Structure formats: C-alpha cells, structure tokens
Amino acid sequence: RPLRRRLLELSRAAQAFGRGELSTRAPVRSKDAISNLAVSFNGMAEEIQRLIAAQRELLALVSHELRSPLQRLHFAVESVRSAEAAEQRGEGLVRMERDLIELDELLDELLNYVRLQSDVPLKAEPTDLRALIEELRQAQLELADGIEIELSLPPDAAITATVDPRLLKRALGNLLGNALRFARTRIRLSLSRRESLLIFEVEDDGLGIKAADRQRIFEPFTRLAAAADDGKPQRRGYGLGLAIVRRIAERHHGSVEARSGEVLGGALFVLTLPAAPGERHRS
C-alpha cells in the first residue's frame, strides 16, 4: 500500500503538470528508486517551466518591439490619406518605407535568433580567419562614419581553424556593429591563440559597460543607452545582436563575456571558441 500510494502521488503530479499546473512538483519522501524518479520528474518540470516562462517573456518582448513601427505605419497611412499636397504625401511614403525597413530588420534578427535556438548541426569547415576578419572589417568600414577599426592578428600568413564561417562572421559582425554604436573614434579587433582556443576581442574607446550590466546585455531585447556626448546620431539596435553572439558561441562550445577594456578603455567583448568544433570550452 505505501508503494501504491507513492506511485499514485507521482501519477497525480504528472497529470496536474500535464493540465498546465506548471508549479506542480512530486513529493520526495526517501532515498529509493521512486524518490529518484520523483527527483527526475521535478527537475524536468522546473526546466519546462523555465523554458515556457522564457518563451512567454520573449513573446511579450517581440509584441512590444513590433508595436512601435506598426503604430507609426498606421499614423503614416492616415497622414498620406489626408494629405493634400504631393510633397506631404511623399514625406509620408518615406516614413512608411523607413518603418517597413525597420520591421524587416527586426524580423530578420528574430528569425536568426530562433534558428540558433534549434540544434541544427554546425556547418563547420576549415576557414581562413585572416581573410574572414579582413573582409568583415572592410564591410563594417562602410558604416563606421569616420571611426577607425584596427586589427591585431597573429603574424602567420594564414590563420586557419575549423568553424562555421557564416555564424562566426555574424557573431563578429554583431560585436563590431555594437562597438560602432558606442565608440568615439576607435575600435580594435584582435585574434590570438591560447593552446587549442581562439580568442577574439572587440574593444572600443567609448564609456564602457557598468559591471552590473555585463551579464544581462546578452539577454534578448536588452539595450543600453548609447552615449551621445559628441552630438553624432546614434544607430538604434534591437537588443538581439549580443544574444545572437552568445548563442553562436554556445553552438561552437565556446563563450562570450563583456569586460572593461585595457587598451582603448571602453567596452571589451571576448569571444572564446575551440579551434575544433568537437572540443568543449568553459569560461
């Protein structure tokens, strides 16, 4: 009877959890096989509850992010509809086009983030990191608006590692794009090897990141206010770029962290990846 009663308690907990009562946990009364099963059930329930809470939070954040450009679009449509002059209609259409571009970019970031949440295998291949970084630097210089992007690479003619080149390029591009929003005049991108690890560092000469913010900035839709003390317009982000970097690092069994810069004095992001995708790294 005691055995039957304990199994019935576990069954009731499973049924309640299945009905959506996500806080339900099975009682753990001793240290035997049934208690081990209850502990496993409770661990599974906690993880599922955490994932569902994270999904709900992400959905709420996505809804909030989509609302602003959609509201502006509605306003622009009404403005164009009521405008009498061709010039006013033209201005309204320009605003509508700008909001549509913002929606496109936001949806693209969301799709990239969702794809990276899946366990699709990496398309890892031997990659010339020097060529990848130099190509990325040239592309970012078009958006740099006078900010200098310095490179510090090993002296080897070719620096080859087995990585997913598309994802690595996306991660470094996001880090550089983030640095461009906060830098005053200079950004430094460096690459070094430490045993079997690749160390990528992106540093800017901006105001840096407070210690209290260095973990949460990798959460989706977290944005820090960009300093505007130089009078230059600041490029608005969507709060997904660094979350995508962290996910790419995790997919490579690597890590990313924010620190205080020692060379330029601003924010420093350190992306650490194994030189081979099968290796695991913990920071």
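For clarity, every value in this text was computed on a predicted model and none was experimentally measured. (Residues numbered from 1 in each chain as written. Predicted model: local features only at pLDDT ≥ 70, side-chain atom pairs only at ≥ 80, totals over all residues. Heavy atoms only, no water.)

Caption draft 1: Geometry of helix α6 (residues 241-251). Extensive coverage of α6 is indicated by the burial of 9 of its 11 residues. Regarding α6, the residues found buried are Gly241, Leu242, Ala243, Ile244, Val245, Arg247, Ile248, Ala249 and Arg251. Downstream of α6 by one or two residues, His253 has phi in the positive range, about 60 degrees. (Buried < 20%, exposed > 50% of the residue type's maximum accessible area, 1.4 Å probe, protein only. Helix = DSSP H or I, 4+ residues; strand = E, 2+ residues; numbered from the N terminus.)

Caption draft 2: Representation of the environment of Leu10. Relative to the helices and strands, Leu10 is located in helix α1 (residues 2-18). Judged by relative accessible area, Leu10 falls into the buried class, the value being 13%. Considered as a pair, Leu10 and Ala38 are 28 residues apart in the sequence and their alpha carbons are 6.7 Å apart. Among all residues touching Leu10, those that are not within four sequence positions of it are Ala26, Leu37, Ala38 and Phe41. (Contact = heavy atoms within 4.5 Å.)

Caption draft 3: Local environment of the sheet that holds strand β4 (residues 186-194). The strand order across the open sheet built from 5 strands is β2-β4-β5-β7-β6, with neighbouring strands paired in mixed fashion. This sheet does not close on itself; its edge strands, each paired only once, are β2 (148-152) and β6 (255-260). When strand polarity is set aside, the average angle formed by the axes of neighbouring strands in this sheet is 15 degrees. Pairing analysis gives 7 bridges linking strand β5 (residues 197-204) to strand β7 (residues 267-274), with the strands arranged antiparallel. Bridging across to β7, Glu203 finds its partner in Leu268. Relative to β2, helix α4 (residues 129-141) is tilted by about 175 degrees, and along the sheet it contacts β2, β4 and β5. Packing of α6 onto the sheet brings it into contact with β6 and β7, and relative to β6 it is tilted by some 130 degrees. (Pairing = 2+ DSSP bridges. Axes fitted to C-alpha atoms, helices over the stretch in contact; angles between N-to-C directions.)

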